[in-house]
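Now for the letters of each chain:
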Amino acid sequence: MTDDFELKAISPSAVPEALAKAERYRLLNQPDEAESICRDILEAEPDHQPALTALVLALSDQFGLQETMGNFREAAQTAAKLEDNYERLYYGGIVRERGARAMLTGLSRAFAYDGFREAMEWYEEALPLRPTVDDNAILRWNSCVRAIRKHNLRPRVDEGELPLE
């Protein structure tokens, strides 16, 4: 059975209020609702930078709650659309850090270290581009270091091929 429902478009004048509503849904721990609103905003204004940022956060809020790889790819691709170099690198790091945190609770724990290290590389690249009063990349870097230490994460060891007898 297919549906015949069409999505309804919001008006560009409604975008600021819709963005505020998306942020409230994120704070209420309803990232799927926030994601939906961000998609509506981006239909009205495809390059709306705050909506792109909110979508990155809403998608990454869902890591570990459902099928993560599709959300991870889309969150990374959305972060890449941010026009400001610092924001692109910072939110690219956020996506990777949240992906690593999601791995801590599952069977992919061995890959969490790699995810944190990748996030740290993104934050490191963002540092020289940050506004003077913005130490968010430093705060996130330190959070990754503490997570690695807290969970005693180590790099994966490549066991290589076993010799044939």
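This write-up is about the structure you can find in this document. Everything numeric here is computed off the predicted structure, so don't read it as measured data.

**Digging into the overall build of the protein**
Looking only at helices and strands, one finds seven helices and zero strands in the protein. Starting at the N terminus, the α and β elements of the protein follow one another as α-α-α-α-α-α-α. With respect to the three principal axes, the spread of C-alpha positions in the protein is 65 × 55 × 25 Å. Classification of the 165 residues of the protein by burial places 37% in the buried group. Across the protein, every contact between residues at least 6 apart in sequence was considered, and the portion connecting residues at least 24 apart equals 58%. Carbon together with sulfur atoms contributes 51% to the accessible area of the protein, which is approximately 10,900 Å² in total. For the protein, the distance from the average position of its 20 positive side-chain charges to the average position of its 30 negative side-chain charges is 8 Å.

**Observations concerning helix α7 (residues 136–150)**
Spanning 15 residues, α7 covers 21 Å between terminal C-alpha atoms, matching the ideal 21 Å at 1.5 Å per step. Buried within α7 are the following residues: Ala137, Ser143, Cys144, Val145, Ala147 and Ile148. Close packing links the buried residues of α7 with α5 (85–104) and α6 (109–126). Downstream of α7 by a residue or two, Asn152 has a phi angle that is positive, lying close to 50°.

**Considerations on unusual backbone geometry**
Within the chain, Asn29 stands out as a residue other than glycine whose phi angle is a positive 60°. Turning to its location among the elements, Asn29 is positioned in the loop between α1 (15–27) and α2 (31–44). Its relative accessible area of 62% is what places Asn29 among the exposed residues.

**What to know about the packing of aromatic side chains**
By the definition in use, this model includes four aromatic pairs. Where Tyr86 meets Tyr90, the ring centres are 5.8 Å apart and the plane angle is 15°; that geometry is what we call stacked. Residue Tyr86 and its partner Tyr90 are located together in helix α5, separated by four residues, close to a single helical turn. We note that Tyr86, like Tyr90, is buried. Arranged with centres 5.0 Å apart and planes meeting at 85°, the rings of Tyr90 and Tyr91 form a pair that is edge-to-face. Residues Tyr90 and Tyr91 agree in their burial class; the two are buried. Joined through ring pairs, the aromatic side chains of Tyr86, Tyr90, Tyr91 and Tyr123 make up one cluster.

**Some remarks on the nonpolar core**
Grouped together as the largest cluster of nonpolar side chains are 45 residues, with contacts concentrated most on Ile41, Tyr90, Tyr91, Phe116, Tyr123, Ala137 and Leu153. Going through the elements one at a time, α1, α2, α3 (49–61), α4 (68–79), α5, α6 and α7 are the ones with two or more residues in this core. The biggest single contributor to this core is α5, with nine residues. Here Ala137 is in contact with Tyr86, Tyr90, Tyr123, Ala126 and Leu127, once residues within four sequence places are set aside.

Thresholds applied
- Residues numbered from 1 in each chain as written.
- Predicted model: local features only at pLDDT ≥ 70, side-chain atom pairs only at ≥ 80, totals over all residues.
- Heavy atoms only, no water.
- Helix = DSSP H or I, 4+ residues; strand = E, 2+ residues; numbered from the N terminus.
- Buried < 20%, exposed > 50% of the residue type's maximum accessible area, 1.4 Å probe, protein only.
- Contact = heavy atoms within 4.5 Å.
- Areas by Shrake-Rupley, 256 points an atom, 1.4 Å probe, with all protein chains shown as cover.
- Lys, Arg positive; Asp, Glu negative; His and termini not counted.
- Charge placed at Lys NZ, Arg CZ, Asp CG, Glu CD.
- Expected span 1.5 Å × (residues − 1).
- Phe/Tyr/Trp six-rings, centres within 6.5 Å; stacked < 30°, edge-to-face > 60°.
- Core = buried A, V, L, I, M, F, W, Y, C linked by side-chain atoms within 4.5 Å.

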